[in-house]
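# A closer look at the structure
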Amino acid sequence: MLRNFEVLAFNNRIFNFGAGPATLPLSVMQEVESEFLNYQSSGMSIVEMSHRNPLFEEIISTARSRAKKLLGLGQDYELLFLQGGARHQFAMVPTNFGNHDRVIDVIDSGVWTKFAHQEISRLKLMPHLVASTESTKYQSLPKYRPEDLDPKASYIHFCSNNTVVGTQWKEFLKLKGVRSVVDMSSDIFSRVLDFAQFDLIYAGAQKNIGPAGTTLVAIKKDWVDQGRKDIPEIFQYSAHIKHDSMYNTPCCFSIYVCGLVLKWIEDRGGLAGLESENTRKAKLLYSYLDQSSFYRSAVHLPDRSIMNVVFRIGDGHEALESKFVSEAEAAGYSGLKGHRLVGGLRASIYNAQSYEAVKSLTEFMDNFYERHKLEL
Ligand SMILES: *Cc1c(COP(=O)(O)O)cnc(C)c1O
């Protein structure tokens, strides 16, 4: 009864609001399906093909140039498709660029920056916590001034979108002479930004780019050469660059689908086109939450993420929230449970999530509210 049959009738698909691996553009998956068994008349599937096959080399180089173009990065950047996810980068960046005599500045805006901070400590390097909002459960972004940074730091680490808590930086402090690293796992390609203000950007594919498996890394060339050479080769950015992201066998299937998604992004007007659509979706959901006395977004208004909308029922009525999750699941809206570390509810509305899906979700929420308002 609650299902939006027009949209759902197609292949019995549901609305997936999960944080990652997340929903992908339907047209991309149809394309994958249509050429899955026989890629470009090669007589074999992309998942069976050597990464040295010219057909795959074409896939990876096209994906690389599409990604660079969308991010507006020039000749001074290298773009890599690595493995191990964002968490591998938590260790790989300090392993390459950490220095025992210098600190690494960390802006702690959520669960993921905390994990990145821990990896730096594990390597016996010196993380320097510049600012943190942990004491207020990360419901706003930390504030800091340029003078809070260590001028001798090896680099500064940020996370652009805090997937778990639902905050997102709208702009970044302009830093002169300090290398900067940003974890963009959950908002890369979602908006227009000066990406060239960062020296290293990374993002696991499974939120906004494609299926899990590959991790996109963009790195400033003049920094790569300063990376340590006394670490295993597989950890060195320079080795991966030298081998065109094929130092070891790359995650071929994931890279292939990412390439198609990047094409899909271009076809939708690039990052400007996506930003306006993403803003429209987020506005719809936040306005619904803000007019409600039943649902509540506790996230500091100016810091709200347009990718992950975190909310609660009342002040965190856990019984009603778990009822919400199970009723939503039964009605065809999946993945709405908040991250296990913070609880509550979360709707992830990445690039591939449609406005219609978000609209339909608000209708479900309204219906749930009508049936359960007396239980609050
Ligand atoms: C999901 C996520 C991670 C972890 O990604 P993995 O690819 O699983 O390692 C790290 N940072 C952010 C911001 C994320 O959203």
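Residues numbered from 1 in each chain as written. Predicted model: local features only at pLDDT ≥ 70, side-chain atom pairs only at ≥ 80, totals over all residues. Heavy atoms only, no water.

To continue, consider the pairing of strand 3 (residues 103-108). With respect to burial, strand 3 is a largely interior element, 6 of its 6 residues being buried. The alternating pattern of strand 3 places V103, D105 and I107 and I104, V106 and D108 on opposite faces, both of which are buried. In this sheet, strand 4 (residues 126-132) lies alongside strand 3 in parallel orientation, the contact comprising 6 bridges. Counted as the bridge partner of I104 is P127 from strand 4. As for the winding sense of the linkage, the β-α-β connection from strand 3 through helix 5 (residues 111-122) to strand 4 is right-handed. One ladder, built from 2 bridges, connects strand 3 with strand 5 (residues 156-159); its direction is parallel. (Buried < 20%, exposed > 50% of the residue type's maximum accessible area, 1.4 Å probe, protein only. Helix = DSSP H or I, 4+ residues; strand = E, 2+ residues; numbered from the N terminus. Pairing = 2+ DSSP bridges. Right-handed = clockwise from strand over helix to strand, strands pointing away.)

Turning our attention to the site of the ligand. Near the ligand lie 13 residues; those nearest to it are R87, T163, D183, Q206 and K207. Between the ligand and A86 there is a distance of 3.1 Å, counted from an oxygen atom to a backbone nitrogen or oxygen. For the ligand, an oxygen atom lies 2.4 Å from a polar atom in the side chain of T163. Considered on its own, the ligand offers 390 Å² of accessible surface; in the complex 87% of this is hidden by protein. Residue contributions to the shell around the ligand peak at 4 residues, all from helix 4 (residues 85-97). (Near = heavy atom within 4 Å. Polar contact = N/O pair within 3.5 Å; in protein donor to acceptor, adjacent residues only side chain to side chain. Areas by Shrake-Rupley, 256 points an atom, 1.4 Å probe, with all protein chains shown as cover.)

This part covers a nonpolar patch on the surface. There is a patch of nonpolar side chains on the surface, built from F36, L37 and V47 and spanning about 300 Å² of accessible area. Within the fold, F36 resides in the loop between helix 2 (26-34) and helix 3 (54-71). (Patch = residues over 30% accessible without salt bridge, like charges linked within 9 Å, V, L, I, M, F, W, Y side chains within 5 Å. Salt bridge = Lys/Arg side-chain N within 4 Å of Asp/Glu carboxyl O.)

Attention now goes to the sheet that holds strand 11 (residues 295-296). Read from one edge of the open sheet, 3 strands run 11-12-14, paired in antiparallel fashion. Strands at the two margins of the open sheet, each flanked by one partner only, are strand 11 and strand 14 (345-348). By the bridge criterion, 2 bridges tie strand 11 to strand 12 (residues 308-313) in an arrangement that is antiparallel. When the bridges of strand 12 are listed, R296 appears paired with R312.

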